[in-house]
Each structure stands twice: as C-alpha cells, then as structure tokens.
Amino acid sequence: MKILITGSNGLLGQKLLSVLTKDTNELYGIDLADKAIVNNILHQYECLNLTNTKTTIDAILGIGPDIIIHTAATTAVDNCEQEKELCWNSNVLTTENIIKASKKTGSKVIFISSDYVFDGKNGPYSEEDLPNPINYYGRSKLAAENMLRGSGLNWTIVRTIVLYGIGINTRSSFVTWLLRQLRTGNTVQIVNDQWGNTTIVDDLATGIERITMLDRKGIYNIASHDYMNRYEFAVKIAEFFDLDCGLISSITTSSLNQPADRPLRSGLKVDKAEKELYISFRTLAEALTLYKKLENN
Ligand SMILES: NC(=O)c1ccc[n+]([C@@H]2O[C@H](COP(=O)([O-])OP(=O)(O)OC[C@H]3O[C@@H](n4cnc5c(N)ncnc54)[C@H](OP(=O)(O)O)[C@@H]3O)[C@@H](O)[C@H]2O)c1
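Residues numbered from 1 in each chain as written. Predicted model: local features only at pLDDT ≥ 70, side-chain atom pairs only at ≥ 80, totals over all residues.

Moving on, we come to the overall build of the protein chain. Scanning the protein chain for helices and strands turns up 10 helices and 13 strands. Radius of gyration (C-alpha) of the protein chain: 19 Å, near the 19 Å computed for a compact globule of 297 residues. Based on the C-alpha atoms only, the size of the protein chain along its principal axes is roughly 55 × 40 × 40 Å. Counting every position in the protein chain, which comprises 297 residues, the buried fraction comes to 47%. Considering only intrachain contacts with a sequence separation of at least 6, the fraction spanning at least 24 residues in the protein chain is 77%. (Helix = DSSP H or I, 4+ residues; strand = E, 2+ residues; numbered from the N terminus. Rg over C-alpha atoms; globule rule 2.2 N^0.38 Å. Buried ≥ 20, exposed ≤ 12 C-beta atoms within 10 Å, placed from the backbone. Contact = placed C-beta atoms within 7 Å.)

Here's what the structure looks like:
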C-alpha cells in the first residue's frame, strides 16, 4: 500500500515509519523541515506546509496514496489559546486540505486526535462519549474530527493522550522533560489533579498499523494502561529510573494560571481498540521498560 504520513519528522511520524515499513508498504512523508529525519525508509519526502491548499493538493495528487495518516498538528496547548489563528490553520485547515485532496485520490484518512476533545468532568472516556472541549486546542481537534466525519471519505479517528517515547530531535514530551530535570537535580512541581492514562508512542503506532491492515473505520481510543494523576505518574517515573522522588512536589492546576484550561478527570478507555485491533496495550511498567531500553540503544 502507498501510505502518506504527515508530520513524518514528529514523534509519532518517526515511529509510524519504523512500524509500517515492516509490511512492504511504500511510505511517503510530508513535514515542514527541509529534510526527512528518517530518510532511508521513505520512498519520497516532501517539505511542505500543509496549510497551503494548492501545494498540498498538488503533492497528494502526485503521490496518489491509498492511506493518509495525518499526524501533523500544533500540540502546544497554551500557545493554541494565545495564537488561535495559527492553531486553527495547523489543526483544521491542514485537515480540510487533506480532505479536499483525498476526495480526488480516494484515499482513506486516519486523523490523530486527542482526549482534549472532552471536558474532563467524568473520564475515562469511551469512543461513544460526547466531546465537549474546554480549550482552543481541543476545539480545533474536534472541528477537524467533525470535518472528516462529514466528508464522505473512508475515515478513522484515533484519539490518544499524553504521548511520549524516543525519537530523533523531537519535541520534549512530559517523560523526556521530567527525566532531564530529575537527572540534573532540579526540583519540579507537578499537578496532582489532572487524571488520565498515558501513551507510549510504540503502542500508538502499532495500533494505527493494525487499523491500516484491517481497514478499521470509525473512532478508536489508543493509550497504554494505568490510570493515575500526573504527580503519581511523575513519582512512578522517578522510582522506575531510580531518581530522587524528593525533587518532585505536588501542586494544583489552578495555581499554575495557565492560558488554557485543562480537562481534569480525563483518560481514554481502550477496550474497543484492544478487542477489534487484536492488541494488548502496555502497562505503565512495561511502557517504561521499553522506554529505558530504547533510551540506551
Ligand atoms: N503529544 C501529545 O501528548 C498528544 C496527545 C494527544 C494527541 N496528540 C496528537 O498526536 C499527533 C502527533 O503528535 P506528536 O507528538 O508526534 O507531534 P510532533 O512531534 O509535534 O509532530 C508533528 C510534526 O508535524 C509537523 N507539522 C506541524 N504543522 C505542520 C504543517 N502545517 N505542515 C507540515 N508539517 C507540520 C511538525 O513540524 P514542526 O515541529 O517543525 O512544527 C512536526 O514535525 C498530533 O496530531 C497531536 O495533536 C498528541
């Protein structure tokens, strides 16, 4: 199959390339940077801003992909609150352009979304629960979801939460940031009232690979197991890596005065994905074991 990955230089994009290459797929990548980070696997790489309608459509028509996995997005939640137009263009306009092109090429579109489409009043959430975003990032992801759902295309929406893993020159995830702080001996304050599960990128990429192989449609939640608050998550990471838990103190979300509101009781139920994609997602201990192994490679 010809598979196009948008955001192919990102954390998920890089992992998808290494997972999807095992299935004799022809892989294409699009990202903002001049060069592909993982180049040897790609059939073709395009340096392209997906907010540009004409160049996006031309590029996709040139490739003619069977499947487009749209991972490219702006993920900085507070930035999105302060720079709404930029957020809308990155998360919604890019999706609209991909939909326009896919209507001509007949491509299936897999869109990566977030638990931030929910308000965090009564998580963890299943695929059937009603979204109600409370910040602009969440609104932009839901708007893109809705655009795809109404497109008439063959679509799948994959919602995930607190993504982390090992990539080359990728944005700092919570885990990567925390490990850096603790290893430097810095103290950190972590919120104790944001609840959810977390996701090692390897589980997410494997789940998406199954969706491509099985041609699953609709919405799937993909995340690793274990539900806890962010402070507990931080302490578990410190314990696992034999770092000083005493450097971590707990605070509340409201004391941070961040520009964007955060869903507090979030989290994603993953039973549907495990059953229909024939997969078992990792526990936190298993995920951290993998992270440590990849970090030492
Ligand atoms: N990270 C999380 O905790 C989390 C949680 C839930 C859902 N998600 C979703 O998961 C997906 C993947 O996240 P990730 O952590 O892998 O993101 P990431 O590492 O930031 O990767 C996204 C990639 O897309 C590129 N990109 C952004 N805008 C673009 C545009 N207009 N045209 C072309 N390329 C563009 C970025 O380039 P630059 O780096 O140069 O901007 C980056 O290389 C996203 O859709 C995100 O919303 C993430």
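Our focus in this paragraph is helix α6 (residues 174–184). When we look at burial in α6, the residues that qualify are V175, L178, L179 and L182. Looking straight down α6, one finds its buried side chains confined to an arc of 100°; they lie on one side. Among the exposed residues of α6, those oriented more than 90 degrees off its buried face are R180 and T184. Where α6 is buried, its residues contact β7 (163–164), β8 (188–191), α8 (230–240) and α10 (284–295). Downstream of α6 by a residue or two, G185 has a phi angle that is positive, lying close to 85°. (Arc of directions from axis to C-beta.)

On to helix α5 (residues 136–149). For α5, which comprises 14 residues, the first-to-last C-alpha distance of 20 Å matches the rise-based estimate of 20 Å (1.5 Å per residue) to within 8%. Of all 14 residues making up α5, 10 are buried, and the element is well covered by its neighbours. Here the buried face of α5 lies against α3 (77–82), α4 (84–105), β5 (108–114) and β6 (155–160). (Expected span 1.5 Å × (residues − 1).)

The next thing to look at is the sheet that holds strand β2 (residues 26–31). Sheet architecture is open: seven strands sit in the order β3-β2-β1-β4-β5-β6-β11, paired in parallel fashion. Of all strands in the sheet, those with a lone pairing partner are β3 (44–47) and β11 (218–221), marking the two edges. Geometrically, the sheet is characterised by an average inter-axis angle of 20° between neighbouring strands, direction not taken into account. In terms of strand pairing, strand β4 (residues 67–70) meets β5 through four bridges, oriented parallel. Paired with I69 across the bridge in β5 is I110. (Pairing = 2+ DSSP bridges. Axes fitted to C-alpha atoms, helices over the stretch in contact; angles between N-to-C directions.)

Among the 27 residues in the neighbourhood of the ligand, the closest are listed as G7, G10, L12, A72 and A73. Of all the secondary-structure elements, those providing two or more residues to the shell around the ligand are α1 (11–20), β2, α4 and β5. When residues of the shell around the ligand are assigned to their parent elements, the largest contribution, three residues, is made by α1. Looking at the shell around the ligand residue by residue, the class counts come to 12 nonpolar, 13 polar and two charged. (Near = placed C-beta within 6 Å. Nonpolar A, V, L, I, M, F, W, Y, C, P; charged D, E, K, R; others polar.)

With that settled, the discussion passes to the packing of helix α2 (residues 53–63) against α4. At their nearest, the axes of α2 and α4 sit 9 Å apart, and the two run at 35° to each other. Where α2 crosses over α4, the handedness of that crossing is right-handed. The residues of α4 that touch α2, namely those facing T53, T56, I57, I60 and L61, are N97, I98, K100, A101, K104 and T105. When its residues are assigned to classes, the contact of α2 with α4 shows five nonpolar, four polar and two charged. (Left-handed = near helix turned anticlockwise from the far one by under 90°.)

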